[in-house]
Structure formats: structure tokens, C-alpha cells
Amino acid sequence: MAEDLQPTDAGQVTEMLAWAAGSKKTVELVGGGSKAALGRVVETDYRLHLSALDGVNLYEPEELVLRAGAATSLGQIQAMLAQQRQQLAFEPPDFGDLYGTTKEQTIGGVLAANLAGPRRLKAGAARDHFLGLEGVSGRGAAFKSGGRVVKNVTGYDLCKLMAGSFGTLAALTEVTVKVLPSPEKIRTVLLFAQDDAAAITAMSQAAGSPHEVSALAHLPAAIAARSAVSYVKGAGDAVTAVRVEGPGPSVEHRTEALRRQWGALGAVEELHGHNSNILWREIANVAPLLPDRDAIVWKLSVTPSLGAEVMRGALAAGGAGYYDWAGGLLWLALPANEISSEDGGAGLVRGAFGGAGHATLMRGPEDLRASVEVFQPTPPALAALSARIKDAFDPHGILNPGRMHGAF
Amino acid sequence: MLMPKPEGAILAQRQGLLTDLREIVPGEGVIADNVALRAYESDGLSAYRSVPLAVVLPETVPQVAAIMQLCERRGIKVVPRGAGTSLSGGALPLEDGIILGLGKFNRILEIDYENRAVRVQPGVTNLGISLAVDDNGFYYAPDPSSQIACSIGGNVAENAGGVHCLKYGVTTNNLLGLEMVLLSGEVIRLGGKHLDSGGYDLMGLLTGSEGLLGVVTEITVRILKKPETARAVLIGFPSSEQAGDCVSRVIGAGIIPGGMEMMDRAAIHASEEFCHAGYPLEAEALLIVELDGPGREVDHLIDRVGEIATQCGSTSLRISQNEEERAAFWAGRKAAFPAIGRISPDYMCMDGTIPRNRLAEVLKRMAELSEHHGLRVANVFHAGDGNLHPLILFDANAGELETAEKFGADILRLCVEVGGVLSGEHGIGIEKRDLMAEVFTEEDLAQQQRVKCAFDPNGRLNPGKVFPVLHRCAELGKMVVHQGKIPFPDIPRF
């Protein structure tokens with residue numbers, strides 16, 4: 001059973017990790033603990049709680065920058081930004097319901113997992129908004145990278161390396177992120193009754209339009225029926241959605257244009273701000289896949305135009321799924337009793353796109369997450385390079401060992 | 001600028017190396033003639049020159065892999081080079097190294113409108129990508145001023161920006177996939193046409209790594225549909241404080257313009273004499289604000305920006321009435337460097353980034369430094385994102401180079417002091433290498449070099465750039481960290 005360590009500041013994090021590195025003790029890093037079920041199962045000598053690294057240290061709205069302790073609650077940051085009509089543009093999702101936890105997300109956790117919501121399509125992922133960091137490597141040495149400015153080519157961009165590294169390289173202690181104005185107005189145009197392939201084409205058209213769409217998703221009929229938004233729930237058929245955001249007159253103009261464009265393909269409807277927000281939160285937070293509590297949940301990042309084909313292949317043994325990111329992100333729920341319990345559908349899902357993409361097992365029982373590759377396996381040369389990078393930060397393999405792959 | 005001492009053991013192998021290289025790249029792909037090598041002796045930072053052992057111009061990925069393997073085996077240093085437009089000396093040759101030129105990798109491999117992606121070889125110019133998709137109304141967003149000449153491979157190496165990156169991001173935000181060759185000869189593909197790849201973000205790490213980690217042989221970029229309309233506004237101010245205030249207030253009002261550039265009096269005058277764009281000569285500071293999107297949005301936002309400018313005390317405001325005029329407004333800005341070149345025998349372009357709200361203070365102190373060093377300075381500024389390009393005017397023939405370098409270093413120290421960084425988009429290269437300790441601790445730099453060791457354990461790829469002190473990888477691995485306190489008696493546990 002891992003013993004808990006509770007450092008009170010970044011200096012103590014350094015002390016503890018230096019000691020752990022020197023004594024070859026393994027350490028699990030814990031921010032808010034909301035994403036403990038994401039990734040492979042980690043068993044360590046110690047659990048290092050970063051919760052004391054809390055609080056916003058700098059927020060300058062007109063400079064579009066915010067710096068905070070890595071364990072600052074995401075909710076606190078979002079509330080602070082909302083007061084200035086700003087936001088984290090990458091739209092971090094909330095997987096609380098997916099994992100059945102009420103634990104709060106931290107900004108460091110969101111960055112370490114590189115999570116992003118529907119606006120990923122236009123605004124980029126968490127990594128694109130991650131400007132600077134202070135952290136402690138698995139060597140037990142404090143280091144920093146980046147800064148507080150958006151344009152920066154001063155040494156290697158280690159922020160990118162930390163984003164999505166799930167605490168396997170370093171403990172983040174302080175992070176600096178770019179923030180952006182919240183849109184003045186939000187509208188969503190809905191297109192009804194398209195099959196998956198037709199929806200992908202419609203989304204590709206919208207994404208290739210000059211209308212700066214900020215999100216594009218497609219919900220097959222069974223998924224749409226689970227929405228809390230009446231226009232979507234009551235459609236009785238598949239619903240394809242596009243979101244437009246910005247200054248009032250511009251949003252009106254672009255909404256009209258998209259209604260015309262999609263109106264040529266089928267029946268269309270329009271959601272205003274409130275309903276738009278509900279719908280896109282559902283899509284971001286995987287709400288439509290939640291009713292089956294035991295389902296194995298996969299997330300696939302693929303070439304958008306291949307989305308429908310991949311979905312068909314991945315669901316060959318049953319299950320349900322929907323599309324975000326104009327068809328480039330697939331969320332799947334595979335019923336536990338209909339798929340191979342040994343691999344949780346990994347073979348089927350990964351076979352469906354043949355290596356040109358990335359599939360992550362987002363939810364599954366512990367024994368499954370211990371036995372299959374949760375993250376996409378990589379070719380040997382890339383795997384070896386990634387292992388050397390792990391070694392460059394954490395030569396004794398003490399940080400979150402096995403969280404991403406068997407070796408690191 | 002002190003470069004690593006050429007290694008005698010490498011120089012002695014030159015003949016054998018040339019024979020081996022010619023076996024890999026037959027014909028004219030290996031340049032060893034002393035006159036021909038001169039063409040490669042510097043990059044865009046032309047104050048520094050050095051003749052390489054040889055230049056090799058491969059045409060295929062297997063050739064690149066074989067060259068890398070050969071150099072790793074023989075212990076030869078390799079300096080990758082795209083179009084050679086680097087302003088920080090990233091492609092400066094080493095006397096005991098070869099130049100691996102990617103100029104023949106100049107093909108656009110695939111245009112995929114359905115997935116809004118273009119797959120190209122690294123020697124394609126930045127503008128070449130936009131031109132290739134122009135007929136269908138698409139473009140590639142990052143637009144460094146040198147876009148007509150600079151290669152996309154070089155853009156990846158330096159994480160190039162441009163005047164539109166406030167809204168559309170820099171190179172790293174616009175890449176989907178990369179293929180790179182390591183010194184071991186291994187070919188590694190990252191990303192693709194999908195958005196997130198998971199695993200360690202090596203594509204993000206490679207971008208801006210200045211040719212120290214691997215040689216990029218293929219790039220997939222994201223393309224965007226051109227906005228329906230774009231209009232530029234020229235706004236004159238009686239002081240740079242007021243112009244800077246206007247920039248902050250525009251962003252504070254929730255407006256993110258496509259581009260927002262500032263020029264000071266010296267830059268305005270030099271550009272106007274060169275380009276006749278109609279810049280207001282009485283102004284102390286000029287803002288060029290570009291708004292793009294649907295016509296109604298652009299009109300709406302131009303009104304709001306105009307109101308804010310008036311509140312900030314602007315003295316003139318001109319809105320572009322057509323595409324020609326918009327292009328002319330930008331032509332003056334994009335030609336600011338050559339315009340300065342006309343009025344001074346030499347100039348040096350700096351590239352610090354600062355928090356925007358420190359601009360007025362930085363400009364004032366820069367004027368003091370200008371007086372102290374006895375050299376003039378003109379400023380162009382990516383105002384939206386705080387990226388400053390002071391142009392130091394000097395005459396190398398009058399022995400002013402060293403003073404200019406000192407002045408430049410003082411400016412960059414000032415940028416760091418106010419919370420900024422040494423480089424926004426040109427890279428560290430050799431130019432700012434020795435200032436890295438102003439920003440980073442020894443451990444920060446050691447950690448970065450350990451990352452390099454994961455790619456290049458023998459330090460053969462572009463050594464002498466970026467890092468002021470080169471450590472052997474074995475030495476970096478052994479560096480002992482302070483052992484930490486053992487059982488933490490005073491630390492709360494639960």
C-alpha cells in the first residue's frame with residue numbers, strides 16, 4: 001500500500017523527489033485525483049499529493065495570460081476567467097461522470113493529460129495554450145521551460161513534452177497558460193437525418209468554409225435521442241451540429257450562410273446560446289455514452305474523412321459511438337458483454353484504422369487497463385526514442401511508472 | 001562569437017568522407033569545391049561565416065538516412081539547412097561539419113482539401129504552400145516576412161511566426177504531421193492527418209528545436225479557408241505609450257485581430273521612403289490592425305477599433321478600401337528590414353518577446369541604450385503578441401559590429417528582465433546562445449541537453465548552437481542532484 005506524502009510547497013516536492021530518486025522509490029503524482037482511472041494502473045511506494053500547489057499567482061486579462069499552481073482547481077480558474085469574459089479556449093472536458101467521481105480537476109492535470117473539447121478543431125489542444133512551466137524531474141531537480149509570452153523560441157519547448165505525458169516525466173508545480181476572450185454570441189446549426197458518411201461530407205464542407213466554425217459533431221440517431229436538448233432529442237434521427245462563435249453581427253451572418261449551405265442537404269434547425277452550451281458540453285463530456293455504466297469507452301483520433309469507415313469497423317461487434325472534431329474524433333462505447341473481455345475491443349478498434357491514428361482506452365476495469373495498451377502502441381524506433389526521453393527526465397523510472405506503457 | 005574548435009580527427013577524414021558521400025549521393029549532389037562551398041558559408045545572419053567540409057544535397061529519404069548514419073559512424077558533425085534564411089545563425093556551417101541541404105526536397109506531395117491538410121517536403125517555401133492551394137481559396141496561416149524564400153522545414157526548425165499568428169498561431173499550432181531522420185538513420189513518423197497523437201508530443205518538441213534533434217524530411221500542415229474579407233487600418237499615434245495602450249484595450253475588449261503590428265518613428269520613415277505605402281509621417285507610432293472575417297464582422301470591428309483608438313488619442317486613421325491598398329499597407333511593414341538596409345550600411349535584427357504592457361518602458365530604456373552605445377535603432381513590433389524586432393543600425397566597416405552586438409545583448413537582457421524571452425520566432429542559434437544563462441539555470445539547460453542526448457548521444461547534430469556550454473551526454477546523466485532530506489519528519493503525512 002502506497003504511503004501518502006503531502007509537500008507544502010514546490011521546494012518540498014523537489015526535496016521529496018530527490019530523496020525518492022536517490023532511494024529508488026517509486027512515486028505516483030496526484031493532483032485532484034479526478035483522472036486516476038485514465039491510463040494504466042500504477043502501483044508505487046509513495047503517493048505524492050500536489051494539492052498544496054494551489055492558487056492563481058498571476059492573471060492579466062489584457063495580456064491574455066494566467067499563471068497558477070499546478071494543483072489549482074480548474075473550476076476556480078474558469079470562474080475567475082468568466083468574470084473577465086475570458087476562457088480557456090481549448091474547452092477542457094469534464095470526465096467526472098465518465099469516471100463516476102466528484103473530485104475536482106486541476107489545471108496541471110488537464111495539461112498533463114492534454115485534454116481538449118470540441119473547440120480543439122479551431123483553437124487547438126491544451127498543449128497549444130501551455131506557455132510555461134516549473135516542475136521537478138524524476139531526477140529530483142527543479143527546472144523550468146517556456147515563459148509567459150505566446151511567441152517563444154528560447155530553448156526546447158518542454159511544455160509540449162509535458163502535455164500528455166501523464167506525470168511520467170516530471171511533477172508540474174506551476175503552469176502558465178494563454179487565455180482568450182469568450183465569444184460574445186454562440187449559435188449552433190443542426191442538420192437532420194444524415195447517415196454517417198453524408199454527415200462527414202457535410203462537416204468537411206463546413207470546416208472548409210470561411211465561416212470559422214468552432215466545432216463540428218455528428219450524433220447518430222440512438223445517440224441524439226439521449227440529449228437533454230429537445231431539438232436534438234426529439235429529432236427522431238441523426239443530428240449533425242456546427243457551432244459558430246464571435247461578435248453578434250458576424251455570428252448572425254455566418255449562421256445564415258451555414259443554414260443555406262446545409263439546408264441544401266436536408267432539414268436544418270438553429271440553437272441559441274443556452275441550448276448550444278448544453279449540447280456541446282454533452283459532446284465534450286461524453287454524456288451520450290454514459291447510460292451503459294459498464295461499457296468499455298474508447299477515444300479515437302483519426303483522419304476525419306475516414307471517420308465513418310473506422311466507426312463501422314470498430315463497432316462490428318456492437319456498441320454505439322459518435323463523432324466530434326469534424327469526424328476526426330470518435331467516441332465509442334463497447335458493451336462489456338459483447339466484446340472480447342481479454343482485450344476490451346482493442347484489436348477491433350485499432351484494426352479499424354490500421355495505424356494511421358490513435359486509440360485510447362478511456363474507461364475500462366483495472367484488470368483490463370493493466371493488460372492492454374491503453375495508449376496507441378508505437379513502432380519500435382519511436383517507442384525506443386520515447387523511452388530515451390523518459391530516461392532523460394526520470395532515469396530511475398520513479399514517476400508514475402507504467403502509467404502510459406508497460407515500460408514508462 | 002566563439003564556436004567549438006574544429007576537431008582535427010574530423011578534418012583529417014575529409015577525402016574519405018567525400019568518397020563515401022558520393023557513393024550515397026552521386027553526381028552533383030556533393031559539393032566540395034572551395035569556390036562553390038562559399039555559397040553556403042553563412043545564412044541570414046551574414047555577420048558570421050564559416051566554410052563547411054562539404055555540402056551534400058540528397059534527394060530521397062533513404063539518402064538522408066544513409067548520410068546521417070555515415071556521419072554518426074565517422075563522427076562528422078551535421079548542420080541541416082533549408083533555404084538558409086535563418087536570422088540567428090542556425091544554419092551557420094561548421095568547419096568540421098557538413099551542410100545537409102534540403103533544397104532538393106522541394107515537392108508538394110499531396111493536397112487534401114477534404115481533410116484540410118497539405119503534405120510537403122521540407123524545401124518547399126512557406127509561400128509555395130499557400131500558392132498551391134490559392135485557387136481553391138485556401139492558405140497556410142503562419143506568414144513570416146521572409147515567406148517568399150524561407151522553407152517550411154526551416155519554419156519547423158525555428159517555430160516561425162509572422163504577422164498573423166496572434167489569431168492563427170505559429171508553426172507549432174499549424175502542424176499535423178512530421179517525418180524525421182535521426183543520426184542513427186532511423187526514420188520516425190509523427191502525427192498524420194489526425195489531430196492528437198497521444199504519447200510524448202515529439203512533434204511539439206521538434207518544432208523550434210533549431211535542427212539539433214533530427215532532420216525533418218516531410219511535413220503535413222493544416223490549411224485554412226481564406227476569410228471572406230480582410231481590411232487593414234493604419235492608425236497614427238503621438239506616442240508609443242498611446243499606441244501600446246490601444247493594443248491592450250483592443251484585446252481587453254475581446255477583439256483578436258488577424259494581425260496587429262506597431263512601428264516606431266524611425267521604422268515608419270524608412271519604410272515610407274522605400275515603399276510609399278502612405279504611412280503618417282508625423283506619427284511617433286503607427287499601428288497596422290487587420291481584421292478579417294465576413295464583411296459585416298469586419299465593418300463592425302473596424303468601428304470598435306476606431307473608437308478605442310480615438311479614446312487612446314490617435315491622430316490619424318485610414319482604412320484600406322480594396323485589396324491593393326491592404327497589400328500596400330502590409331508591404332511597408334513586410335519590407336521594413338530592407339527599408340532599414342537602405343538607410344544604414346548594416347543592421348542587426350533582434351527578436352525578443354515582452355509582456356505587451358511593458359512596451360512603453362522597454363522602448364524608453366531602449367532609447368537610452370541607443371544613446372549609450374551611440375547607435376541608432378528602429379523598432380517594428382508584432383504588438384498583438386509582444387514580439388519585438390529592434391533593428392540596430394551600424395557600419396561594420398567602421399568597426400561598429402562589436403558595439404552593435406553589445407547593444408543587442410543589452411536589449412535582450414532588458415526583455416528578459418521585464419518578464420520576456422530572448423527569441424520570439426528567429427531562434428537562439430549562435431546569435432543569442434551566450435545569453436541563455438540570462439533566462440535559464442544550469443539545471444534548466446542541463447535538462448534540455450539531456451533531451452538532446454535522447455536524439456543525438458554523441459552531439460553531432462548542429463553542435464555549437466543554442467547551448468552556451470556543451471556537455472557530454474554521459475556527464476549530464478551523472479550530474480548528481482542534491483539527495484533530498486530523508487524521512488521528512490516535519491512533513492505532514494496522512
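Residues numbered from 1 in each chain as written. Chains lettered and ligands numbered in written order. Predicted model: local features only at pLDDT ≥ 70, side-chain atom pairs only at ≥ 80, totals over all residues.

### Details of the overall build of chain A
Defined as follows: Segments assigned H or I by DSSP are reported as helices when at least four residues long, segments assigned E as strands when at least two residues long, and all are numbered from the N terminus. Within these notes, the globule rule equals 2.2 Å times the number of residues to the 0.38 power, and the radius of gyration is based on C-alpha atoms. Three exposure classes are used, all based on how many other C-beta atoms lie within 10 Å of a residue's own C-beta (placed from the backbone): buried at 20 or more, exposed at 12 or fewer, and partly exposed between those limits. Here, residues touch in the contact sense if the C-beta positions derived from the backbone fall within 7 Å of one another.
Summing up its helical and strand segments, chain A has 15 helices and 18 strands in all. Relative to its length of 408 residues, chain A is compact, with a C-alpha radius of gyration of 21 Å against a globular reference of 22 Å. Dimensions of chain A along its principal axes, counting C-alpha atoms only, are 65 × 55 × 35 Å. For chain A, with 408 residues in total, the buried portion stands at 63%. Counting only contacts in chain A whose residues sit at least 6 apart along the sequence, the fraction spanning at least 24 positions is 72%.

### Some points on helix 14 (residues 359-373) of chain B
Residues and elements named next belong to chain B. Test applied: A helix is expected to span 1.5 Å for every residue after the first. Our arc is simply the arc of the directions from the helix axis toward the C-beta atoms.
The first and last C-alpha atoms of helix 14 sit 21 Å apart over 15 residues, in line with the 21 Å expected at 1.5 Å per residue. Of all the positions in helix 14, only L359, V362, L363, M366, L369 and S370 are classed as buried. Each buried residue of helix 14 sits inside an arc of 120° when the element is viewed along its axis, so together they form one side. Projecting away from the buried face of helix 14 at angles above 90 degrees are the exposed residues K364, E368, E371 and H372. Where the residues of helix 14 are buried, they touch helix 9 (240-252), strand 17 (377-382), strand 18 (387-394) and helix 15 (401-417). With its phi angle positive at about 70°, G374 sits one or two positions after the end of helix 14.

### Considering the domain arrangement of chain B
One frequently used descriptor of interface size is the decrease in accessible area upon assembly of the parts. Residue and element names in this part refer to chain B. Defined as follows: Where a domain begins and ends is set by an automatic assignment or by a domain database. Gly is put with the polar residues, along with every residue not named as nonpolar or charged; the nonpolar set is Ala, Val, Leu, Ile, Met, Phe, Trp, Tyr, Cys and Pro, and the charged set is Asp, Glu, Lys and Arg.
One can read the domain layout of chain B as domain 1 (8-101), domain 2 (108-225), domain 3 (229-337) and domain 4 (344-431). Taken together, the contacts link 5 residues of domain 2 with 9 residues of domain 3. In terms of residue class, the side of domain 2 that touches domain 3 is built from 2 nonpolar, 2 polar and 1 charged.

### Comments concerning the sheet that holds strand 5 (residues 65-69) of chain A
Our working rule: Each pair of strands is called paired provided DSSP finds at least two bridges between the two strands. Whenever a helix is involved, its axis is fitted only over the stretch in contact; in every case the axis is a line through C-alpha atoms, and angles between N-to-C directions fall within 0 to 180 degrees.
A sheet is described by the order of its strands in space; here 5 strands give the open sequence 4-5-9-7-8 (chain A), paired in antiparallel fashion. Of all strands in the sheet, those bounded by a partner on one side alone are strand 4 (56-60) and strand 8 (142-146) of chain A. When strand polarity is set aside, the average angle formed by the axes of neighbouring strands in this sheet is 15°. As defined by bridge partners, strand 7 (residues 130-137) of chain A adjoins strand 9 (residues 170-178) of chain A across 7 bridges and the pair is classed as antiparallel. Bridging across to strand 9 of chain A, A:E134 finds its partner in A:E174. Strands in contact with helix 17 (residues 442-455) of chain B are strand 7 and strand 8 of chain A; relative to strand 8 of chain A, the strand with the most contacts, it is inclined by about 70°.

### Observations concerning the sheet that holds strand 5 (residues 108-112) of chain B
Residues and elements named next belong to chain B. The strand order across the open sheet formed by 5 strands is 5-6-10-8-9, and the pairing between neighbours is antiparallel. Two strands in the sheet have a free side with no partner beyond their single neighbour: strand 5 and strand 9 (187-191). Put simply, the sheet's adjacent strands are angled 10° from each other on average, direction ignored. For strand 8 (residues 175-181) and strand 10 (residues 215-222), the ladder comprises 6 bridges, and the chain directions are antiparallel. Opposite L175, over in strand 10, you have V221 as the bridge partner.

### Here's the deal with the packing of helix 10 (residues 265-275) of chain B against helix 12 (residues 323-334) of chain B
When two helices pack together, their arrangement is given by the angle between the helix axes and by the axis-to-axis distance. All names here are of chain B. Put simply, the rule is: Here is the rule for angles: anything less than 35 degrees is roughly parallel, anything more than 145 is roughly antiparallel, 65 through 115 is roughly perpendicular, and the remaining ranges are oblique. Should the near helix be turned anticlockwise from the far one by less than a right angle, the crossing is termed left-handed; should it be turned clockwise, right-handed.
The geometry of helix 10 relative to helix 12 is characterised by a closest axis approach of 8 Å and an angle of 120° between their N-to-C directions. In terms of their interaxial angle, helix 10 and helix 12 are classed as oblique. Along this stretch, helix 10 crosses helix 12, giving a crossing that reads as right-handed. Here helix 10 contributes S271, E272 and C275 to the contact with helix 12, which in turn contributes A331, G332 and R333.

### Let's talk about the domain arrangement of chain A
Residues and elements named next belong to chain A. For chain A, the assigned domains are domain 1 (1-182 + 378-408), domain 2 (185-284) and domain 3 (287-371). Of note, the centres of domain 1 and domain 3, computed from C-alpha atoms alone, are 26 Å apart. Taken together, the contact between domain 1 and domain 3 spans 10 residues of the former and 11 residues of the latter. At the level of secondary structure, the elements contributing two or more residues to the side of domain 1 that touches domain 3 comprise helix 3 (96-99) and helix 5 (120-123). Top contributing element to the side of domain 1 that touches domain 3 by residue count: helix 3, with 3 residues. By residue class, the composition of the side of domain 1 that touches domain 3 is 7 nonpolar, no polar and 3 charged.

### Observations regarding the interface of chain B and chain A
The interface of chain B with chain A comprises 84 residues on the first partner and 83 residues on the second. Looking at the side of chain B that touches chain A, the elements that each hand over two or more residues are helix 8 (202-206), helix 9, helix 11 (295-311), helix 16 (436-439) and helix 17 of chain B. Of the residues that constitute the side of chain B that touches chain A, the class distribution is 29 nonpolar, 35 polar and 20 charged.

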